[in-house]
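A structural walkthrough
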Amino acid sequence: MAEQSNKFYSLFFSVFFLFAGFGLFLNSAGVELAQMGVNNTAIGILNAAFFVGATLSAVVAHRVVSGVGHIRGFSVFGALFAISALGHTMTDNLWVWGVLRVLLGFCYYSLLMIVESWLVERSAAVARAKTLALYNVVYYISFTAGIGLLSLKLSSHDIFTMAAIMVMMAMLPVTMTGSKAPEQPPHQRISLPRLFAIAPLALVGSFVAGLLMNGFFTMTSVFLLQQQFNVRQISFYLMIAMALGFVVQLPVARFSDRFGRRTAIGVCSMISAVGAATGIGLMLAGIQAMWVHYVTAVFFGIGLFTLYALSVARANDQIPHEMSTVEVSRSLLFSYGMGSLLAPVILGLTMDQTGRYGFYGYFTVFASILAVFAWRQQAVPEDRRNVYVNMPATAAGPAVADLDPRNDCGVNKPFDEEEAQAYANQIVQEEEIKPEPEPTV
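Residues numbered from 1 in each chain as written. Predicted model: local features only at pLDDT ≥ 70, side-chain atom pairs only at ≥ 80, totals over all residues. Heavy atoms only, no water.

1. What about the side chain of S272?
Secondary-structure assignment places S272 in helix α11 (residues 261–284). Here S272 is in contact with F299, F300, G303, L304 and A367, once residues within four sequence places are set aside. (Helix = DSSP H or I, 4+ residues; strand = E, 2+ residues; numbered from the N terminus. Contact = heavy atoms within 4.5 Å.)

2. Some words on helix α9 (residues 231–247)
One turn of an α-helix holds 3.6 residues; hence residues three or four places apart share an orientation. With 17 residues, α9 should cover 24 Å at 1.5 Å per step; its first-to-last C-alpha distance of 24 Å lies within 8% of that length. Turning to α9, its buried residues are V231, Q233, I234, S235, Y237, L238, I240, A241, M242 and G245. Where α9 begins, the side chain of N230 points an oxygen toward the backbone nitrogen of R232, at a separation of 3.1 Å. (Expected span 1.5 Å × (residues − 1). Buried < 20%, exposed > 50% of the residue type's maximum accessible area, 1.4 Å probe, protein only. Polar contact = N/O pair within 3.5 Å; in protein donor to acceptor, adjacent residues only side chain to side chain.)

3. Notes on unusual backbone geometry
Positive phi, normally seen in glycine, also occurs at Q228, with a value near 70°. Tracing the backbone shows Q228 in the loop between α8 (200–226) and α9. For Q228, a relative accessible area of 66% puts it in the exposed group.

4. Considering a nonpolar patch on the surface
On the surface, F255, F259, V267, M270, V274 and W375 cluster together to form a nonpolar patch covering roughly 490 Å² of accessible area. Looking at the nonpolar patch, the elements that each hand over two or more residues are α10 (249–259) and α11. Sorting elements by how many residues they give to the nonpolar patch places α11 first, with 3 residues. Inspection of the secondary structure puts M270 in helix α11. (Patch = residues over 30% accessible without salt bridge, like charges linked within 9 Å, V, L, I, M, F, W, Y side chains within 5 Å. Areas by Shrake-Rupley, 256 points an atom, 1.4 Å probe, with all protein chains shown as cover. Salt bridge = Lys/Arg side-chain N within 4 Å of Asp/Glu carboxyl O.)

5. A closer look at the confidence of the model for the chain
Per-chain confidence: the chain averages 82 in pLDDT, with 87% of residues scoring 70 or above. Considering each helix and strand of the chain separately, the mean pLDDT is smallest for helix α16 (residues 417–433), with a value of 72, and largest for helix α15 (residues 358–375), with 95. Across residues 1–6 the pLDDT falls below 50, and counting only partners more than four positions away or on other chains, this stretch makes 1 contact in the model. (pLDDT = per-residue confidence, 0-100.)

6. So, the side chain of N40
For N40, the position within the fold is in helix α2 (residues 40–68). Take N40: its relative accessible area is 5%, and that puts it in the buried class. Setting aside anything within four residues of it in sequence, one finds N40 in contact with M219, V222, Q226, G348, M351 and D352.

7. Describing the packing of aromatic side chains
Counting across every chain of the model gives 36 aromatic pairs. Measuring from ring centre to ring centre gives 5.3 Å for Y140 and F246, while their planes differ by 55°; the resulting arrangement is tilted. In this pair, Y140 sits in helix α5 (residues 128–148) while F246 sits in helix α9, placing the two residues 106 residues apart along the sequence. (Phe/Tyr/Trp six-rings, centres within 6.5 Å; stacked < 30°, edge-to-face > 60°.)

8. Brief notes about the pattern of salt bridges
Overall, the coordinates contain 2 salt bridges when judged by the stated rule. Here D257 ties to R261 by a salt bridge, and the two come within 2.8 Å at their closest N and O atoms. Looking at D257, the relative accessible area reads 32%, which means it is partly exposed. Where D317 meets R261, a salt bridge forms, and the shortest distance between an N and an O atom there is 2.8 Å. You can see D317 sitting in helix α13 (residues 307–317) and its partner R261 sitting in helix α11, a full 56 residues away along the chain. Overall, the relative accessible area of 1% leaves D317 in the buried class. For R261, a relative accessible area of 2% puts it in the buried group.

9. A word on the environment of M36
Considering the arrangement of structural elements, one finds M36 in the loop between α1 (2–35) and α2. Assessed through its relative accessible area of 36%, M36 is described here as partly exposed. Spatially, the C-alpha atom of M36 lies 8.9 Å from that of D92, the residues being 56 residues apart in sequence.

10. Topic: the environment of I287
Position of I287 among the secondary structure elements: in the loop between α11 and α12 (290–304). Setting aside residues up to four positions removed in sequence, I287 forms contacts with L282 and V292.

11. A few points about the packing of α10 against α11
At a minimum axis distance of 7 Å, the contact between α10 and α11 shows a crossing angle of 135°. Our classification of the angle between α10 and α11 gives oblique. Residues V252, F255, S256, D257 and F259 of α10 lie in contact with α11, whose contacting residues are R261, T263, A264, V267 and C268. Each residue belonging to the contact of α10 with α11 can be placed in one class, and the counts come to 6 nonpolar, 2 polar and 2 charged. (Axes fitted to C-alpha atoms, helices over the stretch in contact; angles between N-to-C directions. Parallel < 35°, antiparallel > 145°, perpendicular 65-115°, else oblique. Nonpolar A, V, L, I, M, F, W, Y, C, P; charged D, E, K, R; others polar.)

12. Digging into the packing of α11 against α13
Angle between the axes and distance between the axes: these two values describe a pair of packed helices. In contact at an axis separation of 9 Å, α11 and α13 are set at 160° when each is read in the N-to-C sense. Put simply, α11 runs roughly antiparallel to α13. As α11 runs across α13, the sense of the crossing is left-handed. Seen from α11, the contacting residues are R261, R262, A264, I265, C268 and S269; seen from α13, they are L307, L310, S311, A313, R314 and D317. (Left-handed = near helix turned anticlockwise from the far one by under 90°.)

13. Examining the environment of T220
Structurally, the position occupied by T220 is in helix α8. Residue classification places T220 among the buried residues on the basis of a relative accessible area of 0%. For the pair T220 and V31, spaced 189 residues apart in the sequence, the C-alpha separation amounts to 9.2 Å. Not counting residues within four places of it along the chain, the set of residues in contact with T220 comprises G215, Y237, L238 and F359.

As structure tokens, this is what we get:
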């Protein structure tokens, strides 16, 4: 048993180095391009290329793994990631960099799919919650560690080399494991328009979460560099947001369990919008001190990092508790990915067209749109709500939905769109006919 446990936890070493390499690369890419004099729109497009690769991974990666197996597949994707990272050191041609970014995104999400598949198979149903919680802890620690490496003022060559080294280190526990390779998870399909009819706030929330979260991670460093921050200060800003994002997980979970996901999504969105608007206001007032931006980092950390998990929880609330929601979670992750793909492009254009206020303006607008949309939706009664589970969308592949413990206890039916739609309609009707409480004298 101890041996099996060691093999299981060795996978988290792979995840640690994978997330750390990803955190370093994702947050340093904008800095390198900005220092090269590339405009914001081009930086946004190049960052979006990473998520183009992520989309291709969802379509192609499982075919590669089915053909060569999980261990060989991990080696292939890890080697391609290292080649693509090191390829950046050989040329400054932006077209070549765009192709390399597509390859990096493809390989990173393919590697995630393999590791997560292993975690799903190695986790007994009763241990899914513990496994997912540990997965979250590893994500926040390792991603923050990757960001922390920025403060060392590494050269461009060293950054790409370090990212390649970390991914190659992630290969070691997987390629040397003695455990049996997992089964390839079945591909599930669901119509996004039908999902919108069942749980509109969940779908819109996951999409806007992608716009906000990956806009934050891909373009923050570019914006702060233009505000005369140095790389160490940029690293500190990002680490503030990450630390707050980790700390608020439990309080937001309890708040949403008590007051509902709709309220929690609205409040978190408004916190993000208020933080961004505060940043604009202080800049307009002529206050250029670094603490202005650190304050917005606090607001972003509190408001942004739970939006995707709240969206998934909202979808689970509107689907019968005895029904599997794996298909829905994967669809919401796809919606999040589409937001992630568009985020750097839209934000880059906004920053170019509106100047120094465009960055915070982007967050003010989209966070406010989500808050208004949330308040216009029907609440789900407390007795109908499922449990809240933190789902780390920024570091999640398609297999992470299978780790969701909400699909373990009492779930005995596959997802059925028509039954789910009828259940969601029933909740709305019950809320509409609920009698108003009598006024107290």
